[in-house]
There are 4 protein chains.
Amino acid sequence: MNMADYQLTKDVMHVGEMASGAKLTVPVYRFKGKSNAQSVYIQANMHGAEVQGNAVIYQLLEQLRDLKILGDITLVPYANPVGCNHKNGEYTLGRFDPITGVNWNRMYHNNPELISPIVEQYLDAPASDIEAVFKQALLDDITEQLDHNIFGLTTGQRIAYQLQKLAHQADIVLDLHTGPISSKHLYCPEYAKESASFFNIEHTLLIPNEFDGALDEATFCPWWSLTEAFADKGRKLLLDKESFTVELGSQEQIDLDVALVDAKSILTYLQHKGVIAGGDFVPDVMTRYACYLADYKAFYSPMGGMVDYLAAFGKPLPAGEPLARILRMDNYGDGDALHYISLDKEVIPILHFASASVNQGTELYKVFSDFFEL
Amino acid sequence: MNMADYQLTKDVMHVGEMASGAKLTVPVYRFKGKSNAQSVYIQANMHGAEVQGNAVIYQLLEQLRDLKILGDITLVPYANPVGCNHKNGEYTLGRFDPITGVNWNRMYHNNPELISPIVEQYLDAPASDIEAVFKQALLDDITEQLDHNIFGLTTGQRIAYQLQKLAHQADIVLDLHTGPISSKHLYCPEYAKESASFFNIEHTLLIPNEFDGALDEATFCPWWSLTEAFADKGRKLLLDKESFTVELGSQEQIDLDVALVDAKSILTYLQHKGVIAGGDFVPDVMTRYACYLADYKAFYSPMGGMVDYLAAFGKPLPAGEPLARILRMDNYGDGDALHYISLDKEVIPILHFASASVNQGTELYKVFSDFFEL
Amino acid sequence: MNMADYQLTKDVMHVGEMASGAKLTVPVYRFKGKSNAQSVYIQANMHGAEVQGNAVIYQLLEQLRDLKILGDITLVPYANPVGCNHKNGEYTLGRFDPITGVNWNRMYHNNPELISPIVEQYLDAPASDIEAVFKQALLDDITEQLDHNIFGLTTGQRIAYQLQKLAHQADIVLDLHTGPISSKHLYCPEYAKESASFFNIEHTLLIPNEFDGALDEATFCPWWSLTEAFADKGRKLLLDKESFTVELGSQEQIDLDVALVDAKSILTYLQHKGVIAGGDFVPDVMTRYACYLADYKAFYSPMGGMVDYLAAFGKPLPAGEPLARILRMDNYGDGDALHYISLDKEVIPILHFASASVNQGTELYKVFSDFFEL
Amino acid sequence: MNMADYQLTKDVMHVGEMASGAKLTVPVYRFKGKSNAQSVYIQANMHGAEVQGNAVIYQLLEQLRDLKILGDITLVPYANPVGCNHKNGEYTLGRFDPITGVNWNRMYHNNPELISPIVEQYLDAPASDIEAVFKQALLDDITEQLDHNIFGLTTGQRIAYQLQKLAHQADIVLDLHTGPISSKHLYCPEYAKESASFFNIEHTLLIPNEFDGALDEATFCPWWSLTEAFADKGRKLLLDKESFTVELGSQEQIDLDVALVDAKSILTYLQHKGVIAGGDFVPDVMTRYACYLADYKAFYSPMGGMVDYLAAFGKPLPAGEPLARILRMDNYGDGDALHYISLDKEVIPILHFASASVNQGTELYKVFSDFFEL
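Residues numbered from 1 in each chain as written. Chains lettered and ligands numbered in written order. Predicted model: local features only at pLDDT ≥ 70, side-chain atom pairs only at ≥ 80, totals over all residues. Heavy atoms only, no water.

K.L.:
I keep staring at the overall build of chain A and nothing clicks. Help me out?
P.N.:
Scanning chain A from terminus to terminus reveals 8 helices and 22 strands. Relative to the compact-globule value of 21 Å for 374 residues, chain A shows a C-alpha radius of gyration of 22 Å, a close match. Considered along the principal axes of its C-alpha atoms, chain A spans approximately 75 × 50 × 45 Å. Taking all 374 residues of chain A together, 64% fall into the buried category. Side chains of chain A give 28 positive and 49 negative charges; the mean places of these two sets differ by 5 Å. (Helix = DSSP H or I, 4+ residues; strand = E, 2+ residues; numbered from the N terminus. Rg over C-alpha atoms; globule rule 2.2 N^0.38 Å. Buried < 20%, exposed > 50% of the residue type's maximum accessible area, 1.4 Å probe, protein only. Lys, Arg positive; Asp, Glu negative; His and termini not counted. Charge placed at Lys NZ, Arg CZ, Asp CG, Glu CD.)

K.L.:
What exactly am I supposed to notice about the relation of the copies chain B and chain A here?
P.N.:
Between the two copies of the chain lies a relationship made up of a rotation around an axis and a movement along it. Once chain B has been moved 0.0 Å along the axis and rotated by 180°, it coincides with chain A to within an RMSD of 0.0 Å. Taken together, the rotation angle and the small translation identify this as a two-fold axis. Taking the C-alpha atom as reference, chain B places Asn88(B) closest to the rotation axis, 3.2 Å from it. Of the interface residues in chain B, 100% have counterparts in chain A that sit at the interface too, so the contact is made through matching surfaces. (Least-squares fit on C-alpha atoms with pLDDT ≥ 70 in both. Contact = heavy atoms within 4.5 Å.)

K.L.:
In this structure, what is going on with the interface of chain C and chain A? I would like to understand it.
P.N.:
The accessible area lost on association of the parts is a frequent measure of interface size. Chain C puts 41 residues into the contact, and the matching count from chain A is 40 residues. Carbon and sulfur atoms make up 57% of the area that chain C and chain A hide from each other, which totals about 3,300 Å². Here chain C is connected to chain A by 2 salt bridges. Salt-bridge contacts for Glu17(A) lead to Arg328(C); the nearest nitrogen and oxygen are separated by 2.7 Å. (Buried area = accessible area lost by both parts, 1.4 Å probe. Salt bridge = Lys/Arg side-chain N within 4 Å of Asp/Glu carboxyl O.)

K.L.:
I'm lost on the relation of the copies chain C and chain A in this one. Help?
P.N.:
Each copy superposes on the other: chain C lies on chain A with an RMSD of 0.0 Å after a rotation of 180° and an axial shift of 0.0 Å. Of all interface residues in chain C, 98% are interface residues in chain A too; the two copies therefore contact each other through one and the same surface.

K.L.:
Got a minute to help me understand the interface of chain B and chain A in this structure?
P.N.:
Each partner contributes residues to the interface: chain B has 54 residues there, and chain A has 54 residues. Here chain B meets chain A over a buried area of about 4,600 Å², counting both sides, of which 60% is carbon and sulfur. Counting the surface chain B buries against chain A, the share from its top three residues, Glu90(B), Tyr91(B) and Tyr332(B), is 18%. Linking chain B with chain A are 4 salt bridges. A salt bridge links Asp334(B) to Lys10(A); the nearest nitrogen and oxygen atoms lie 2.7 Å apart. On the surface where chain B and chain A come into contact, there are 28 residue pairs in polar contact (both at pLDDT 80 or more). Every element with two or more residues in the side of chain B that touches chain A is listed here: strand E1 (8–17), strand E2 (23–31), helix H1 (52–64), strand E6 (87–88), strand E7 (91–92), helix H8 (256–272), strand E16 (305–309) and strand E17 (322–327) of chain B. (Polar contact = N/O pair within 3.5 Å; in protein donor to acceptor, adjacent residues only side chain to side chain.)

Here is the structure:
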């Protein structure tokens, strides 16, 4: 393949090193847009077991060959070279640094102190100036964190901050994840909920302006906070910055055919934002459900046991209908060997735990409660 | 439930203790048969993640309420209380002692020295005497191992030997396992292949008289060897002892509906052996494939990458047809990002690895080669 | 031993259950004090590998046989039955839930909303009434969390909250931990620094009134906040509540002789507080160093490699002196195979990482910076 | 450093690749000897946590700068790039493939069928011809295994076979390991016991001609078997091939000063064999104990608990003297909280388990029984 055909460049970013000295590297693919349309950053596989995003990036690269690329697009598969290769038994250790237990997607950086100097100095400046200045401030700040820290950075911060440095250069950020065993769903900032309907994803979580360490938050919260700070001073700013975490389904799976479907869903959104042209992507007609993050509930197992998961994903489950039945063979004959688990309110099951074996307190299901149509 | 209704008794067997002093226990369910029909030992979940056998034992217990139980039946779910509860990330550490790496199903005991004294002393004795004497010798030997060892036993040996002591008391042994992501299949001693057709399982592995540490081998190899040793002396013995490892499908899953189907498959075999009566179990009509253990091949991944598994289980796959395609996003643009993997001979894929992420050399598929109809 | 001899009672607390149904239990030892002196709660081994506190509790129980016990004392070894028994390879998984990665000592509960109602209602009440009412509020709140939660609790919360319920009943809380490879040190609330000198521990960390999920914080922060809230209203309250995390040295080790030394150190403090009498414990004369928590610095490895730890614990290390040298054999011959690591300010090394093998970004040392004599 | 100064060359050997495509590499250092003296192969760190051998190779390289190198010397640190970098919690997963549980040092190759054709064809040939032909046969065989295997190799085999290919080219093989918490000791083939006295190591295990998968066995067993096969035909061959596993002490530690001591011990042996000259290495005077491998006993813990290891390494421990005492706080008050563990025969403790926390059946100590002076 001639990469020049469609302006694709590839770099290898060095993000750390292991005990043996082995370099930790991440491939970075970049398209230079043909106009000054919005720019996009897409990464996949920050959690080790959540591999399907790599296949989506593969299909995006294949599709982009035949499309007109107007804005810069950066694509980063295998974003976390530690997590990606970390096996415990047959499975990939998914969610956290094996040494510290810290979730790989809770290590991004946020610095609320960047905002007030900008507001004070640029209160009446043109929006484009404010945007340029604040973007540079974000980039300078993350660079400072990376390069000037006497006591150093954790392994995960070093990886996350370098990815974040790429992400801060874009207007649109898509972080491709999966659940354990899961339906597709979308994390979307509350202010961007109109955009959710351009993805072919039936379930959307609306998230508030609260930084909890994730990449989507690390890239939209600063802009949201900046807008609010200007609003407090009476200045209404419109800064078109959107970040999403796209949950592609279940972990530990690669399916290139499904990946093509999801690549087209993403391209539908990107076409809507004017980043690409030359395709004819139309969002699917479907009922789209949403709930606020505070109503996205984890249901923890009330008992240890082995679980036969019953509730189908994505459809409202009436109150009292079983989520699961839990087998407890140790109780056979002199206790209850089979327990049906239900909730006393209607919910939409979105994902469940990856294994049949659960302890008391293991997160069994995550569900939309108090959901509504988007 | 009134357990007395169908003569079920329950014991809790103590098989070890953890660092905190927590007792490791295993529940043991027993039916006393109404006649001197053959006796049966069934266990499940020796590998931590292979939980579906517990659900099959649940359904067996439910079914047996309405059947006539002629031979003694012992059922042991949760056979390995260490493996059963051992989590690494979300998954259950499946196959080996987390401290030593030794496969939990390679720790059973075999003592070839028991055979020649029996042959010498009982060359012309009635078969029933030989059977009783050798059974007692096996029980005495395993008891000796458990109780009189100055340097002690490993954690896994202590568990395995206690289970083996129960198993040696039975004529028929069923060890319920699963593969990682797998079709159903049966490990069957070569001499018992007629019996394989009474299970509703399409694929049978015929295994030789070679002890490699597993429970089925530990319980049939001694009898096979005894028979051969008598044959060498010109005495033809018919000792009706059968042991099977029943692979129920994929690990990390409980499905009580499928478990009922598999319970009935086992009852079909037990009815054939005269252990139960009062049901009308008839084996399903199906094409049953078999191959010899030496022709059951593990195919190791020729490269690292992320795997889209393509080959369907259970059907002959022509030479050259792809088993899988492996994604290598690091090669996109300047190498081959997608590799199709095939074999140059016809095989039947039986199971594949549990994760999409594989290293070079990870066991990708296990396949029947040189298979035949049973 | 006749437990009645010294009023010791023992209970077994049920804190959860595993997939097999195995009960998670914690032993609880209690002395009823002979007077209304302050009461004490001591626990050990919340982190799985930090076992030495169990030996200290053993020696405390042995010592208490010959002492006069004035206040109630509750002692809980093996506080975390999941962590305690969780092996990965030869070592005990120390610090976090193997499924979620959450640090076992970051799951305690704090509810700042309990404070203002008390302040409003009891502004002029006697201190003893306020103490009683607030203690009951803390107990009611944690009980409510345990018993009335429709979506349930995590495995770790269920364990932590039950321990916290015991701890809230005491005036003094000691949580026994260890570092990885570590000197002894003490986490002490800033207001209680006088008490630090009654322990035979050379290094003290002074911690602020900020709840970060640990047991010591969960038990002293509410009282500190209450005092501050009253102070804001002009009422000066003296509530003698103290909580410490006692770091006993290195993990993965039991040494009963050293445990006796540390038990006597704790008894020295308890005698000072009037909880026990009949001994003649005098704190050792030693230079005690302290620093504020904000000055307790983790130093992350600037490179991957294999570490020869050089700096001695507990003594000021001059600026520029090496903490460690890092071997990088992959660089031998064409790079630097040996790197000396130092800081450009004076620090006191307190602990280092448990393994020679580190990634770039692994926490290499923790050090007191800006330390002072207590 | 000018590598040319002392004829050192460095290569990077590619031994596999991970899921992300990351290459697994091993550095290989080689000296070309100035004469046709015996050649040497030294590797370290096949087990991930056993890192001290890398430091010994560092010190060997430093020492060799000032010595006369007569035979070819190949040195391979970081021999296992998977194990080397594999963390579970803070520790390095030591001994086995995390996916399969197979011990990394049980994957080498042995092919007994190579021997009889050589014996038949070269019965009367000069010893040097036999040596050359058999060496080539070993190399061809391992190359065949690596390159021509339709179903592939496991990850560990691919690494092991490539190392073995280097090792088969040498006359002397040293595989540098450590125990968990351990004294220094040496695995030495029975026929080479004279050589053991040239190492400064007090304890030697004499191992028989039985292949169990380790590198030392993989490189000496074929030659031993060949010699025996010739002896059976009446031809007495003297083939000076020696392989040792050198156990350097405890895992998870780098100590460059101790490494220098051990490098000099190895150089003492190499000087004795004529591989180097120009130094004045003299073996230390010490009592050297030995025992046969069959008398090297693992003692498994008779109970779960937390262990205070008492027995000193390396000295005969009289029968009845305690190896350890085991704390069981769950039994305090109503059982025995402290158990002393001893053996009823004299032994020399060599190593003990790496953690205080043990299950019933965990390998507590390894000891020489029926030992003797070398």
